[in-house]
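Results of the structural survey
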Amino acid sequence: MNVKIDPSWHTQLEKEFEKQYFKDLTDFVRKEYQTKRIYPPGSLIFNAFNVCPFSNVKVVLLGQDPYHGPNQAHGLCFSVNDKIPLPPSLQNIYKEIESDLNIKTYTTGNLERWAKQGVFLLNATLTVQSGMAGSHQGKGWETFTDAVIKILSQEKEHLVFLLWGSYAQQKASLIDEHKHLVLKAVHPSPLSAYRGFFGCKHFSKTNEYLRLNGLSEIDWR
């Protein structure tokens, strides 16, 4: 398993990497890649960290699991590789962006363009077995990503945390809301988007908060 992580993140997370749970997690994940079809490719497990270094983070968007279909997952939550059809939740995200900001989004579902502007696209679980949603939950990834959220909250100021759905909203307890803006809505899934995701205006609210704190806005196209 070829894992690479940006040096700025390695500095922040060095103590986590030394803990026993992370060593056990590494052993589990390595064996899974050796014996099963696991997504994303091993070199992209920490893609969210590599495309968006610690110093660049302005917005944190939390997902749950990587996509478990062929060629979809590439280490960024809600994002898919170029030329892959848009998943339903991402279609709804684009609809809200277009309604909220009165702009036209790009046709690709690859969200690296957001990550490079400072949107940290973090899944709570960073790996998954092909065709088996949630198959790597409870193995240690959540402990690791909870630590990531805590470190971001403690070490940075004026971040925007986008918590969509009940699972992501459980992470609010890890965030200092006196230092950061926490925006909550239902999940953009077709099962729930019409119950409050559409019309939440999180994208304009994010940019307004960044602007008020002297930070450059995100181009959400």
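Notes on the structure follow. Predicted, not measured: the structure shown is a model, and the values here were computed from it. (Residues numbered from 1 in each chain as written. Predicted model: local features only at pLDDT ≥ 70, side-chain atom pairs only at ≥ 80, totals over all residues. Heavy atoms only, no water.)

Some details on the nonpolar core
- Formed by 70 residues in total, the largest nonpolar core has its most connected members in Trp9, Phe49, Ile93, Phe120, Phe144 and Leu152.
- Sort the elements by how many residues they give to this core and helix H6 (residues 141–155) lands first, with 6 residues.
- If we skip the residues at most four places from it in the chain, leucine 152 touches Trp9, Phe54, Val57, Val60, Phe120, Leu159, Phe161 and His180. (Core = buried A, V, L, I, M, F, W, Y, C linked by side-chain atoms within 4.5 Å. Buried < 20%, exposed > 50% of the residue type's maximum accessible area, 1.4 Å probe, protein only. Helix = DSSP H or I, 4+ residues; strand = E, 2+ residues; numbered from the N terminus. Contact = heavy atoms within 4.5 Å.)

Considerations on the pairing of strand S5 (residues 160–164)
- Burial of S5 is extensive: 5 of the 5 residues sit out of reach of the surface.
- Side chains of S5 alternate between two faces, with Val160, Leu162 and Trp164 and Phe161 and Leu163 buried alike.
- Bridge count for strand S2 (residues 59–63) against S5 is 3 bridges, and the pairing is parallel. Residue valine 59 lies in a different strand from S5, and its bridge partner there is valine 160.
- As judged from the 5 bridges shared by S5 and strand S6 (residues 181–185), these two strands associate in the parallel manner. Among the inter-strand pairings, leucine 163 is bridged to a residue of S6, identified as lysine 184. (Pairing = 2+ DSSP bridges.)

Remarks on the packing of helix H4 (residues 88–101) against helix H8 (residues 202–212)
- Their axes nearest at 8 Å, the elements H4 and H8 cross at an angle of 60°. Judged by the inter-axis angle, H4 sits oblique to H8. Taking contact as the criterion, the partners of Ile93, Glu96, Ile97, Asp100 and Leu101 in H4 are, on H8, His202, Phe203 and Ser204. (Axes fitted to C-alpha atoms, helices over the stretch in contact; angles between N-to-C directions. Parallel < 35°, antiparallel > 145°, perpendicular 65-115°, else oblique.)

Some points on the packing of aromatic side chains
- According to the stated counting rule, one finds 20 aromatic pairs in the structure shown.
- On the numbers, 5.9 Å between centres and 25° between planes, the contact of phenylalanine 17 with phenylalanine 144 is stacked. Note that phenylalanine 17 is positioned in helix H1 (residues 7–17) and phenylalanine 144 in helix H6, a separation of 127 residues in sequence. When sorted by exposure, phenylalanine 17 lands in the same class as phenylalanine 144, which is buried.
- Consider the rings of phenylalanine 46 and phenylalanine 144, whose centres lie 6.0 Å apart with planes at 85°: the pair is edge-to-face. In this pair, phenylalanine 46 is assigned in the loop between strand S1 (38–39) and helix H3 (47–51) and phenylalanine 144 in helix H6, connecting sequence segments 98 residues apart. (Phe/Tyr/Trp six-rings, centres within 6.5 Å; stacked < 30°, edge-to-face > 60°.)

Digging into H1
- Taken together, the buried positions of H1 are Trp9, Leu13, Glu16 and Phe17. Take H1 and look down its axis: the buried residues cluster within an arc of 75°, on one side only. Away from its buried face by more than 90 degrees, H1 exposes Pro7, Thr11 and Lys15.
- For H1, the secondary structure elements touched by its buried residues are helix H2 (20–35), H3, strand S3 (119–123) and H6. (Arc of directions from axis to C-beta.)

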